[in-house]
Amino acid sequence: MAKKIVIEPVTRVEGHGKVTIRMDDDNRITQSRLHIVEFRGFERFVQGRPYWEAPVLVQRLCGICPVSHHLAAAKALDVIVGAGTGNGLTPTGEKMRRLMHYGQIFQSHVLHFFHLVSPDLLFGIDADPAIRNVIGVALKHKDLAVQGVLMRKYGQEIIEATAGKKIHGTGAIPGGINKNLSIEERDAFIKGIDGNPQLSIAQMIDWSEAALALFKDYHAKHKDLIDSYAAFDSNHVSLVTPDGALDLYHGVLRGVDAHGKKILNDVDTQDYLDHVAEEVRSWSYMKFPYLTSLGPKKGWYRVGPLARLNTCDYIATPRAQKHFEEFRAYTGGKPNNMTMHYHWARLIETLHAAEMMELLLNDPDLQKDDLVVTGTRQQQGVGLLEAPRGTLFHHYAVNENDQITMCNLIVSTTNNNQPMNEAVNWVALNTIDGKAEVTEAMLNGVEVAIRAYDPCLSCATHAMGNMPLEITLVDSRGDVIDSKRK
Amino acid sequence: MAKPVVATTSLAGCFGCHMSLLDIDDRILQLIELVEFDKSPIDDIKQFSRQCDIGLIEGGVCNSENAHVLKAFRKHCNILVSVGECAIMGGLPALRNNIPVGECLAEAYLNSPTTKNANPNKILPNDDDIPMILNRVYPCHEVVKIDYFLPGCPPRADLIWNALVALVTGKEMELPYEVVKFD
Ligand code: SF4
């Protein structure tokens, strides 16, 4: 009997995404899809708004990484107000924004690791879902839970000090920033917020190293899972500096294929339209980006921590560089195509973000008063940055009344749309195909593969726990024959 | 005495309100002493397993499923709280309320610079597996009765904390000026 399996991570509940898997009479997989069920219409309804509202409006797409949207919009507007791209700002303007961004990367990566991934590591992927969540961690491993809570708090406090507010701040404005960092704020971050040495930058760096050690220990014991699960070849895209360093705030667009060949040769972000297009498929509200030179079939790519460590040549902070060398050596210097290694890459970036925060906190430029730059007004601007989940594209056109006339957004998780579908398909073909009975472990498996991408808009809920999954077997007439829930 | 039971959900929200709840930081550890969570993104409970004392709603109602979930919350929660501007008045997503849905779809999937040459068959998302978009975004209280409203985008962590503690302990809530912000 033909079956349709519906795995709903959060759909009925939160309305973000779901998975459907179809099987034929012999239980062979005929189709598997990750559907994104959200549609907001930002591109249309920001038209007519004054352009300076964009950084505060568009960040309301996502409360998990609002700073990324806030800054990508501001970067696009820098171009429009004639401040240029990247290093066109004053040192204080650019460095305050960078500090805000590293705070954001830090808190978002920490949230993902401690609240989401650590339950799997501590309790096991097959553990009872009743304890395998953040509350279970808090009850059973209180020290680790406290560590996660304090690390996230540190990142959030950095955001508040730079953006004015922990969620949906207002710090970045076209051409710069609206405040600098006071000596008191700086000292608190260096020595410990509220005099608590556990909330100092040195502690953040140590705990980032400890999280890496925890992951590596797990990796050593579970090589099979980490190295082969949902692994597949793909292209990788991210920003890098012109000399090839990892840079999460600004750079040129670089792409490599699964074997390391350059397929996007350090292009200027203002020219993204010459290289990227998006396919629309009727069964998802999320589009499918691809590199135009390779076309929709071959041009899809991965973004995010894994992709970034595959495209860059080095990391400019010493501790993260050490781990990067180890990460690179693991695949003999070739791109790493192992989906579960996203976790490893993400923790290396967490450490990098902590190191960058330390450098910036000790930089006297943050106390200077030259905050904003203006220049010759332009009609269009493109702003790209590396959000926690990958490359984020914002593009605006503005008329002579300063109203937005066009807004195009390619958010990080959208870039990973095809890869997440590939991951779901891998799990379907490798663990469910041919099986008459679908077990809960198989449901877990789908969840684990999607979670590696830390998808945000599609199933933001899982950032705070394990995705609830529901599976329904339906016969060819559409009648429900079995239903399971975890 | 059994602990009060709390359920939470995000409808057409950005998860910022849930993140603000997490911004109570280490008071999270007190919270899990104080209450139990039922259906919520912070645990694995997908369906209501019992009648709950308090339901926290983030986000307004923008599609058919949001309405369905909201009604289920009203049915299973004694007290329902709209958390944040989206739940209270639709929030930013409600900016689309004066624009026909078709125009929003056309802008995203047909006219955008990255799709206009890449979508020759003019495909729009339209499938049994994705929910119907409503003509406009509705505030929660237009769909069901809401008992309390916490303003802010998102409401300050302290406001959410104070409100939860007040509801759970039955003590009057403190509302200092600094924690109540409309933004
Ligand atoms: S009120 Fe603000 S923070 Fe809350 S869901 Fe809406 S946009 Fe996000």
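Treat the numbers as computed from the prediction; the structure is a model and nothing was measured. (Residues numbered from 1 in each chain as written. Chains lettered and ligands numbered in written order. Predicted model: local features only at pLDDT ≥ 70, side-chain atom pairs only at ≥ 80, totals over all residues. Heavy atoms only, no water.)

S.K.: Which parts of the structure should I look at to understand the site of the ligand?
M.R.: Near the ligand lie 13 residues; those nearest to it are Cys-14, Cys-17, Glu-85, Cys-86 and Cys-153 of chain B. Listing elements by their share of the shell around the ligand, those giving two or more residues are helix 1 (16–22) and helix 4 (85–89) of chain B. (Near = heavy atom within 4 Å. Helix = DSSP H or I, 4+ residues; strand = E, 2+ residues; numbered from the N terminus.)

S.K.: So what exactly am I meant to see when it comes to the packing of aromatic side chains here?
M.R.: Each pair of aromatic rings is reported with the distance of its centres and the angle of its planes. All names here are of chain A. On inspection of all chains with the given rule, the structure shows twelve aromatic pairs over all chains. Here the aromatic rings of Tyr-51 and Trp-52 are separated by 5.2 Å at their centres, their planes lie at 75°, and the arrangement is edge-to-face. The class of Trp-52 is partly exposed, set by a relative accessible area of 48%. Taken together, the ring pairs in this structure connect Phe-327, Tyr-330 and Trp-344 into an aromatic cluster. A cation over an aromatic ring shows up here: Lys-75 above the ring of Tyr-249, its NZ or CZ 4.6 Å from the ring centre. Positioned above the aromatic ring of Phe-288, the side-chain terminus of Arg-281 is 3.7 Å from the ring centre. (Phe/Tyr/Trp six-rings, centres within 6.5 Å; stacked < 30°, edge-to-face > 60°. Buried < 20%, exposed > 50% of the residue type's maximum accessible area, 1.4 Å probe, protein only. Lys NZ or Arg CZ within 6 Å of the ring centre and 35° of its normal.)

S.K.: Just to check I follow, could you spell out the pattern of salt bridges for this structure?
M.R.: Opposite charge on two side chains permits them to pair, given that their charged atoms come into close proximity. Counted by the stated rule, this structure contains 33 salt bridges over all chains. For Arg-281 of chain A, the salt bridge is made with Glu-279 of chain A, and the minimal N-O distance between the two is 3.3 Å. Of the charged contacts in the structure, one is a salt bridge between Asp-147 of chain B and Arg-74 of chain B, with a shortest N-O distance of 3.1 Å. Taken together, the residues span a long stretch of sequence, with Asp-147 of chain B in the loop between strand 6 (133–138) and strand 7 (148–150) and Arg-74 of chain B in helix 3 (residues 64–76) at a distance of 73 residues. Three or more residues are tied together by salt bridges with common partners; here these are Lys-95, Asp-363, Asp-365 and Lys-368 of chain A. (Salt bridge = Lys/Arg side-chain N within 4 Å of Asp/Glu carboxyl O.)

S.K.: Even after reading the chapter, I still don't get the packing of helix 5 (residues 91–123) of chain A against helix 7 (residues 142–163) of chain A, so can you show me in this structure?
M.R.: The relative placement of two packed helices is expressed as an angle between their axes plus a distance between the axes. Residue and element names in this part refer to chain A. It is the contact of helix 5 with helix 7, at a shortest axis distance of 8 Å, that shows an interaxial angle of 160°. What the angle tells us is that helix 5 and helix 7 run roughly antiparallel. Viewed along their axes, helix 5 and helix 7 form a crossing whose handedness is left-handed. Its residues assigned to classes, the contact of helix 5 with helix 7 shows 14 nonpolar, ten polar and one charged. (Axes fitted to C-alpha atoms, helices over the stretch in contact; angles between N-to-C directions. Parallel < 35°, antiparallel > 145°, perpendicular 65-115°, else oblique. Left-handed = near helix turned anticlockwise from the far one by under 90°. Nonpolar A, V, L, I, M, F, W, Y, C, P; charged D, E, K, R; others polar.)

S.K.: Any chance you could explain the pairing of strand 10 (residues 288–291) of chain A here in plain terms?
M.R.: Regular strands have side chains that alternate between both faces of the sheet. Residues and elements named next belong to chain A. Residues Phe-288 and Tyr-290 point to one face of strand 10 and Pro-289 and Leu-291 to the other, with burial holding for every one of them. Sheet topology note: the strand 9 (residues 276–279)/strand 10 ladder contains four bridges and is antiparallel. Along strand 10, the bridge assignment pairs Val-276 with Leu-291. (Pairing = 2+ DSSP bridges.)

S.K.: Could you clarify how one ought to interpret the side chain of Arg-302 of chain A in this entry?
M.R.: All names here are of chain A. Its location among the elements puts Arg-302 in strand 11 (residues 301–302). Within the buried set, Arg-302 has no salt-bridge partner at all; the shortest N-O distance to an opposite charge, 6.3 Å, is to Asp-233. Only 2.7 Å separates the side chain of Arg-302 from the backbone oxygen of Phe-232, close enough to count as a polar contact. (Lys, Arg positive; Asp, Glu negative; His and termini not counted. Polar contact = N/O pair within 3.5 Å; in protein donor to acceptor, adjacent residues only side chain to side chain.)

S.K.: What should I look at first to understand the pairing of strand 12 (residues 380–387) of chain A in this one?
M.R.: Residue and element names in this part refer to chain A. Of all eight residues in strand 12, seven are buried, a share of seventy percent or more. In this sheet, strand 13 (residues 390–398) lies alongside strand 12 in antiparallel orientation, the contact comprising eight bridges. Residue pairing for strand 13: Gly-381 is matched across the bridge by Tyr-396. Hairpin connection of strand 12 to strand 13: two residues between the antiparallel strands.

S.K.: When you look at the interface of chain B and chain A in this model, what are you seeing that I'm missing?
M.R.: By a widespread convention, an interface's size corresponds to the accessible area lost as its parts come together. With 61 residues of chain B at the interface, the matching set in chain A holds 76 residues. Interface of chain B and chain A: buried area, both sides summed, is about 6000 Å²; carbon and sulfur atoms make up 63% of it. Our enumeration of links across chain B and chain A arrives at four salt bridges. Linking chain B with chain A are 15 residue pairs in polar contact (both at pLDDT 80 or more). Of all the secondary-structure elements, those providing two or more residues to the side of chain B that touches chain A are strand 1 (5–10), helix 1, helix 2 (27–34), strand 4 (61–63), helix 3 and helix 5 (101–111) of chain B. The residue makeup of the side of chain B that touches chain A, split by class, is 31 nonpolar, 15 polar and 15 charged. (Contact = heavy atoms within 4.5 Å. Buried area = accessible area lost by both parts, 1.4 Å probe.)

S.K.: Before we go on, may I ask you to explain the nonpolar core in this structure?
M.R.: Side chains of a nonpolar character, in soluble globular proteins, are inclined to be buried together. If you look at the biggest cluster of nonpolar residues, it comprises 163 residues, and the most contacted ones within it are Tyr-154, Leu-309 and Tyr-396 of chain A. With 14 residues, helix 5 of chain A is the largest single contributor of residues to this core. Those residues within four positions of Tyr-396 of chain A in sequence are excluded, and the remaining contacts are Ala-54, Val-58, Ala-73, Ala-76, Ile-80, Gln-379, Gln-380, Gly-381, Ile-404, Met-406, Cys-407 and Leu-409 of chain A. One finds Val-5, Leu-11, Ala-67 and Val-144 of chain B within the second-largest nonpolar core, a separate group that totals 17 residues. (Core = buried A, V, L, I, M, F, W, Y, C linked by side-chain atoms within 4.5 Å.)

S.K.: When you look at the state of the cysteines in this model, what are you seeing that I'm missing?
M.R.: Formally, a disulfide is one covalent bond, and it connects the sulfur atom of one cysteine to the sulfur atom of another. For the coordinates displayed, the defined rule picks out zero disulfides over all chains. Of all cysteine sulfurs, the one in Cys-77 of chain B lies closest to Cys-52 of chain B, which takes part in no disulfide; the gap is 4.9 Å. (Disulfide = S-S within 2.5 Å.)

S.K.: So what exactly am I meant to see when it comes to the sheet that holds strand 12 of chain A here?
M.R.: Strands belonging to one sheet form pairs held by backbone hydrogen bonds; the direction of such a pair is parallel or antiparallel. All names here are of chain A. Judged by pairing direction, the sheet is antiparallel, and its three strands sit side by side in the order 12-13-14 without closing on themselves. Edge positions in the sheet fall to strand 12 and strand 14 (404–410), since each has one partner strand and no second. Along the sheet, successive strands turn relative to each other by an average axial angle of 15°, direction set aside. The sheet contact formed by strand 13 and strand 14 spans six bridges and is antiparallel. Each bridged residue has a counterpart across the sheet, and for His-395 the counterpart in strand 14 is Asn-408. Across the sheet, helix 4 (residues 66–80) is in contact with strand 12 and strand 13; its angle to strand 12 comes to roughly 150°.

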